[in-house]
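# Structure at a glance
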Amino acid sequence: KRFIVDPQIPKGVTWAKTSQISPYGKIEVYWKLLEDKIIMNLKVPVGSTAILQYPKLASNIKINNELIYTESERLSVTEREYELESGCYVIEFLF
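Below, the structure is looked at part by part. Source: prediction; values computed, not measured.

Time to look at the side chain of Glu 92. Here Glu 92 is to be found in strand 7 (residues 81–94). The contact partners of Glu 92, leaving out residues within four places of it in the chain, are Lys 37, Ile 38, Ile 39, Asn 60, Ile 61, Lys 62 and Asn 65.

Here strand 2 (residues 15–22) runs beside strand 3 (residues 25–33); their pairing, made up of 8 bridges, is antiparallel. Each residue of the ladder has a partner; that of Ser 22, found in strand 3, is Gly 25. Counted between consecutive antiparallel strands, the loop separating strand 2 from strand 3 contains 2 residues. As paired elements, strand 3 and strand 4 (residues 37–53) share 6 bridges and run antiparallel to each other. If you follow Val 29 over to strand 4, its bridge partner there is Leu 42.

Let's shift gears to the environment of Ile 61. The residue Ile 61 is located in strand 5 (residues 60–63) in this model. By relative accessible area, which is 0% here, Ile 61 ends up buried. Along the backbone, Ile 61 and Gly 47 are 14 residues apart, and their C-alpha atoms lie at a distance of 25 Å. If near-sequence neighbours (up to four positions away) are discounted, Ile 61 is found in contact with Tyr 54, Glu 66, Leu 67, Ile 68, Tyr 69, Ile 91, Glu 92 and Phe 93.

Scoring rules and cut-offs
- Numbering of residues starts from 1 in every chain and runs along the sequence as written.
- Given that the model is predicted, a residue must reach a pLDDT of at least 70 before its local features are reported, and side-chain atom pairs must reach 80 or more before they are shown or counted; all residues, however, enter totals for whole chains, interfaces and linings.
- Only hydrogens and water are set aside; all other atoms, that is, all heavy atoms of the structure, feed into the side-chain values.
- The numbering of helices and of strands both runs from the N terminus, where a helix is a DSSP run of H or I of at least 4 residues and a strand a run of E of at least 2.
- Contact criterion: two residues are considered in contact whenever any of their non-hydrogen atoms come within 4.5 Å of each other.
- Strand pairing requires that DSSP identify at least two bridges connecting the strands.
- Whether a residue is buried, partly exposed or exposed follows from its accessible area with a 1.4 Å probe, protein chains only, as a fraction of its type maximum: under 20%, in between, or over 50%, in that order.

Don't take any of this as a statement about function, it's just geometry.
What follows is the structure, encoded as structure tokens:
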């Protein structure tokens, strides 16, 4: 029911796309790296919850155009995650 999304951005990689069939449906993740941000599309199947872990260097995070994190909040490493219920999301990590 729960799964972790933890974007890892290896040097020289500018995008990634993957999917996984779970007992609740298909999980889909696509991200692309731009100059100062990563844009991610995430699909969380019905009955599932994604645990989104933030990149450590992200200064602002938006989910579906709603600002959910700013650097000024100074969250600890253990707080650098966000739960997403089933649905489709556009996530922006700004650096």
